[in-house]
2 protein chains.
Amino acid sequence: MREEQQMEKKSGTKHIHLDQVLPGQIEAKSFEMIGRELQEMGIELEPEKEPVVKRAIHASADFDYARNLVFSPGAVRAGLEALRKGCHIVTDTRMAWSGINKGRLSALGGEAFTFMSDEDVARAAEQAGSTRAAASMEKAAALYGAGGKLENTPCIFAVGNAPTALIRLYELVQEGKLRPALVIAMPVGFVNVVQSKELILTLEETPFIVAKGRKGGSNIAAAVCNALIYQA
Amino acid sequence: MREEQQMEKKSGTKHIHLDQVLPGQIEAKSFEMIGRELQEMGIELEPEKEPVVKRAIHASADFDYARNLVFSPGAVRAGLEALRKGCHIVTDTRMAWSGINKGRLSALGGEAFTFMSDEDVARAAEQAGSTRAAASMEKAAALYGAGGKLENTPCIFAVGNAPTALIRLYELVQEGKLRPALVIAMPVGFVNVVQSKELILTLEETPFIVAKGRKGGSNIAAAVCNALIYQA
């Protein structure tokens, strides 16, 4: 039932049909397909959440994200407001950092950082017997928290890998040392991942977007950041 | 039924139980859990494929990878041999590049590259009306193909995002311009993704690991690379 013109590639006896979609239209076409399939699945998304959910599905081809992304009330609005003020984004991995569209972020006056590979973070983690991910959140708190050099710059935290980062972030918020503009909580995996995200879900004054359960990842964290950046 | 000592965190009225796992043991513990759940699902993996499949699941918490990763005969062996010879890895995204453990790769004498953001690649793509991803594969062919500066360096291609990169890679192989040591074919998404991977599955003399279907991603491509690097 495809309406697109098709191209054929021949390899031995095998024929492959490719949809002819111009490079600039691949993303729009993908989002259209995701929208149609969500509809077929009977899933209706709130308008505010739709671009975020669709971009998470776009990054993973995993429709579970239509059900497991949990938004605190007004989370998207809070993220967009921060981005329009030129906020920073701090991530826990180089991979998530790489996936964030830094050109578009910078056009909004923002910047993205990860402190994971910093030498002072490695030292702090070793001294504390914790992880570099947790220590990188301490470093962020020293910068963006009360009395920090960047305390007036709003900051979104995008955690795509380490539950230890998310747990430390939760503690720093509870201790009043950090007020994130938004927490994007997307660790993936098996050890303390579910629990670390449950902690974030208990936060009452901090806007959050959480991938409930085991799934998530740096790619999903970056996708959620980009969904907000493209709207802001 | 958890045997680990547990820690409690209190937030309002909510208690969260965290498994006490030392930072250095989180990965081993995760792999143990993945192995147990695969067993419970009745899935038995061939020993050669097991570390690759488990690491893909570890990166995504998605057990679909136990079923959708397709290996050409001897693909893992081919990858390990190339890595032991100090091969290069070329990826189609900065994100996949970021996820590859370049310290461990360099200990084997190898290096990882992505040409996606190179200016000559952007120019070539614009001139050809194709994508930068496709043009980045042309650049790789000029380097690693017959007559190229690096023609004697084995090269693994890890494609985590762009079907256009994979299609161009397929064509370059068919045209005899490139002989990859291994193709890790993991584009994710909706437009031409499935088809591009089907093309790779038709290659007869090129070792491949393919994530059949829509799923994949830069994170999965990097995970497969790392699974091989850690064994080599």
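To be clear, the structure that these remarks concern was listed above.
Let me begin by describing the structure that accompanies this report. On a predicted model such as this, the values are computed, not experimentally measured, just so you know.

### Quick look at the side chain of B:Thr91
All names here are of chain B.
Argument step 1. Among the secondary structure elements, Thr91 is positioned in strand β4 (residues 88-91).
Argument step 2. Thr91 gets classed as buried once you look at its relative accessible area, which sits at 0%.
Argument step 3. Among the polar contacts made by the side chain of Thr91, one reaches the main-chain carbonyl oxygen of Thr93 at a distance of 2.9 Å.
Argument step 4. Excluding residues within four positions of it along the chain, Thr91 makes contact with Ala96, Trp97, Ile100, Phe113, Thr114, Phe115 and Ala158.

### Considering the interface of chain B and chain A
Argument step 1. Between chain B and chain A, the residue contacts involve 49 residues of the former and 49 residues of the latter.
Argument step 2. For the pair chain B and chain A, the two sides together bury roughly 4,000 Å², of which 65% comes from carbon and sulfur.
Argument step 3. Applying the counting criterion to the chain B and chain A interface returns two salt bridges.
Argument step 4. With its nearest N and O atoms 2.4 Å apart, the salt bridge here joins A:Arg214 to B:Glu37.
Argument step 5. Where chain B packs against chain A, one counts eight residue pairs in polar contact (both at pLDDT 80 or more).
Argument step 6. Counting residues per element, the ones that place at least two in the side of chain B that touches chain A are β1 (6-11), β2 (14-19), α1 (26-40), α2 (50-60), α5 (94-99), α9 (163-174), α10 (193-201) and α11 (218-231) of chain B.
Argument step 7. Broken down by element, the residue count for the side of chain B that touches chain A peaks at six residues, all from α1(B).
Argument step 8. A class-by-class count of the residues in the side of chain B that touches chain A yields 19 nonpolar, 18 polar and twelve charged.

Each value, and the rule that gives it
Counting restarts for each chain: residues are numbered from 1 in the order of the written sequence. Following the order in which they are written, the chains are lettered starting with A and the ligands numbered starting with 1. Note on the predicted model: pLDDT of at least 70 is required for a residue's local features to be given, and 80 or more for side-chain atom pairs to be given and counted; whole-chain, interface and lining totals, by contrast, use all residues. The side-chain quantities take in all heavy atoms of the structure and omit both hydrogens and water. Helix and strand assignments come from DSSP, with helices taken as H or I runs of at least 4 residues and strands as E runs of at least 2, each series counted from the N terminus. Think of it in three bands: residues with accessible area under 20% of the maximum for their type are buried, residues over 50% are exposed, and the middle band is partly exposed, with areas taken using a 1.4 Å probe on protein chains only. Counted as a polar contact is a pair of N or O atoms within 3.5 Å, where, for protein atoms, one must be capable of donating a hydrogen and the other of accepting one, and residues adjacent in sequence contribute only when both atoms are in side chains. Whether two residues touch is decided by their heavy atoms; if any such pair falls within 4.5 Å, the residues are in contact. Accessible area, probed at 1.4 Å, shrinks when two parts are joined; the buried area is that loss added up over both. Put simply, a salt bridge is a Lys or Arg side-chain nitrogen that is within 4 Å of an Asp or Glu carboxyl oxygen. Polar here means any residue outside two lists: the nonpolar Ala, Val, Leu, Ile, Met, Phe, Trp, Tyr, Cys and Pro, and the charged Asp, Glu, Lys and Arg; Gly therefore counts as polar.

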